[in-house]
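Descriptive analysis of the structure
One-letter residues, chain by chain:
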Amino acid sequence: MYSNGDIVVGEVIGTAILTLFGAGVCAAVTLHYSKAKSAGWVVIAFGWGMAVLAGAYTAAPLSGGHLNPAVTLGSAVAGGTEWSKVPLYVLAQMAGAVIGAVLAWALYYAQFAANAEQSKAQPTLGIFSTAPEIRKPAANLVTEIIATIGLVLPLLFFGQNKGIGIGQVPGEHAGIYGSGINVLLVALLVVGIGLSLGGPTGYAINPARDLGPRLVHALLPIPNKGSSDWSYSWIPVAGPLIGAVLSGLVFNAAF
């Protein structure tokens, strides 16, 4: 349905927008001298939801707007995405996540510098990637699996709605979203996941959104940035991928 070139362009741009908005709201709430400083978890949850909305609507006409290796994998297991295109989606999503994280850092550059000058500088990894409140690898992995099922399984079922959607021409299926309005519903779903399921681990639910910015955090010259916590980094990758496979299997069993 989508050409290789369109997949790359759509997923890079869409995932960059997703990550820019998502890391941006985390920076806004975390860093000193930000007008949104200490605005709280509800603001972060809605910021990430709007990040999905902006990124998905932008990318959908070109690539379907997956923006997430877990979504791509779940769709492939369910038969909605060609397996041969999965690596292309994932590489484009990773590239977009890296670009978006760099843009968020550039946008808040002055705040990052001011944060480092404080006597009690805030750790910056949480702006880019997730970390658990209680470090229990098995429990953290289960949390990410369940939270990702909460995203991918409803999204696969949304795709059964056959209305004319974004990026769809008459006579074609509307892609993973089913119809244009479902992009908004998925964005609200992400808000709900953040509010209800995000407390234990910060709800990565997207390997690219966590791993790409974590790499950027490790490489950028952010003063007093602290650890990039690589010992935890496998959980926000493995958990969402396992959740995606389980979602696709449940979808296949239902249909």
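Computed from a prediction, not measured in an experiment: that's the story for all the values here. (Residues numbered from 1 in each chain as written. Predicted model: local features only at pLDDT ≥ 70, side-chain atom pairs only at ≥ 80, totals over all residues. Heavy atoms only, no water.)

**Structural notes on helix α2 (residues 41–63)**
Relative to the 33 Å expected for 23 residues at 1.5 Å per residue, α2 spans 31 Å between its end C-alpha atoms, a close match to the ideal helical length. At Tyr57, α2 shows its largest kink, close to 30 degrees, and the proline Pro61 lies no more than four residues downstream. (Helix = DSSP H or I, 4+ residues; strand = E, 2+ residues; numbered from the N terminus. Expected span 1.5 Å × (residues − 1). Bend = angle between axes of the 7 residues up to and from the residue.)

**Overview of the nonpolar core**
In a soluble, globular protein the nonpolar side chains are often hidden away together inside. With 47 residues, the main nonpolar core has Trp48, Phe112, Ile127, Phe128, Leu151, Tyr177 and Tyr203 as its most contacted residues. Of all the elements in the fold, those that place two or more residues in this core are α1 (4–30), α2, α3 (69–77), α4 (86–107), α6 (125–128), α7 (137–158), α8 (180–197) and α10 (235–254). For this core, the element with the highest residue contribution is α2, accounting for 8 residues. (Core = buried A, V, L, I, M, F, W, Y, C linked by side-chain atoms within 4.5 Å. Buried < 20%, exposed > 50% of the residue type's maximum accessible area, 1.4 Å probe, protein only.)

**Focus on the UniProt feature "transmembrane region" (unreviewed entry) in the protein chain**
Feature annotation in UniProt assigns "transmembrane region" (unreviewed entry) to the following positions: residues 12–33, 40–60, 88–110, 183–205 and 234–254. Taken end to end, residues 183–205 has its terminal C-alpha atoms 17 Å apart, with 65% of it in helix and 0% in strand. From the first C-alpha to the last, residues 234–254 spans 30 Å; its make-up is 95% helix and 0% strand. (UniProt positions renumbered as here; feature names shortened; annotations may be inferred.)

**Re the environment of Leu156**
Tracing the chain through its elements places Leu156 in helix α7. Those residues in contact with Leu156, other than ones at most four positions away along the chain, are Gly74, Ser75, Ala78, Ser247, Gly248 and Phe251. (Contact = heavy atoms within 4.5 Å.)

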